[in-house]
Amino acid sequence: MKAREYIALAMMLAATAAAAQPRHFVHMPRHYGRAPHIVTLVSRPVADKRVINRLSKSDRLNMALAYLKANATLSKDKYSQMTGLPKDIAEAELDAFAESRTAGIAAVLSGKKKVYVMKRAMN
């Protein structure tokens, strides 16, 4: 009996020693303990902007130049009012005029606002 008790005691101690060994846990994700970063993708339908304008591009350029002869600067808002174009298209057209060497218009920053002036006025 004593031998059996020693064997049982040895098995119990071995099981206890095995249970006391450090456990290696599976690595948790990096966001464990904080909220995960969620990205929501929203697809926007492509809007086709069609601008019906009776004025040609050269007519609008002449209007801008005539305005700049009478005034020092031209803003995209004023150009949009004069031509009837939406503001984003008006700004894109004024930027195209400013990039062109023959148009005679230059883009200048006035504070945080972009305005357009005559190129000869810049010299």
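Structural data are supplied above this passage.
Throughout what follows, the structure given in this document is the object of discussion. Everything quoted here is computed from the prediction, not taken from an experiment.

What counts, and at which threshold
- Residues numbered from 1 in each chain as written.
- Predicted model: local features only at pLDDT ≥ 70, side-chain atom pairs only at ≥ 80, totals over all residues.
- Heavy atoms only, no water.
- Salt bridge = Lys/Arg side-chain N within 4 Å of Asp/Glu carboxyl O.
- Helix = DSSP H or I, 4+ residues; strand = E, 2+ residues; numbered from the N terminus.
- Buried < 20%, exposed > 50% of the residue type's maximum accessible area, 1.4 Å probe, protein only.
- Pairing = 2+ DSSP bridges.
- Core = buried A, V, L, I, M, F, W, Y, C linked by side-chain atoms within 4.5 Å.
- Contact = heavy atoms within 4.5 Å.
- Axes fitted to C-alpha atoms, helices over the stretch in contact; angles between N-to-C directions.
- Parallel < 35°, antiparallel > 145°, perpendicular 65-115°, else oblique.
- Left-handed = near helix turned anticlockwise from the far one by under 90°.
- Nonpolar A, V, L, I, M, F, W, Y, C, P; charged D, E, K, R; others polar.

1. Quick word on the pattern of salt bridges
Next, step 1: Tallied over the full model, the rule gives five salt bridges.
Next, step 2: The partner of R60 in a salt bridge is E93, and the shortest N-O contact between them spans 2.8 Å. You can see R60 sitting in helix α2 (residues 57-70) and its partner E93 sitting in helix α4 (residues 87-99), a full 33 residues away along the chain.
Next, step 3: Judged by relative accessible area, E93 falls into the buried class, the value being 9%.
Next, step 4: The partner of K114 in a salt bridge is D95, and the shortest N-O contact between them spans 3.1 Å. With a gap of 19 residues between them, K114 in strand β2 (residues 113-118) and D95 in helix α4 connect regions that are remote in the sequence.
Next, step 5: Here K114 falls in the partly exposed class, since its relative accessible area comes to 30%.

2. As for the pairing of strand β1 (residues 105-110)
Next, step 1: In this structure, β1 lies alongside β2, joined through six bridges in antiparallel fashion. Bridge pairing in β2 links A106 to V117.
Next, step 2: Here β1 folds back onto β2 in antiparallel fashion, the turn holding two residues, of which G111 has a positive phi close to 75 degrees.

3. Let's talk about the nonpolar core
Next, step 1: Residues L61, L74, Y79, L94, F97 and I105 are the most contacted members of the largest nonpolar core, which totals 14 residues.
Next, step 2: Of all the elements in the fold, those that place two or more residues in this core are α2, α4 and β2.
Next, step 3: A per-element tally of this core places α2 first, with four residues.
Next, step 4: When near neighbours in sequence (up to four residues on either side) are disregarded, L61 contacts F97, A103 and I105.

4. Description of the packing of α2 against helix α3 (residues 76-83)
Next, step 1: Close contact between α2 and α3 brings their axes to 11 Å; oriented N to C, the two are set at 125 degrees. By the angle between their axes, α2 is oblique relative to α3. You can see that α2 and α3 cross each other, and the crossing is right-handed. In this structure, α2 uses R60, M63, A64 and Y67 to contact α3, whose residues at the interface are K78, Y79, M82 and T83.
Next, step 2: Taken together, the residues of the contact of α2 with α3 sort by class into five nonpolar, one polar and two charged.

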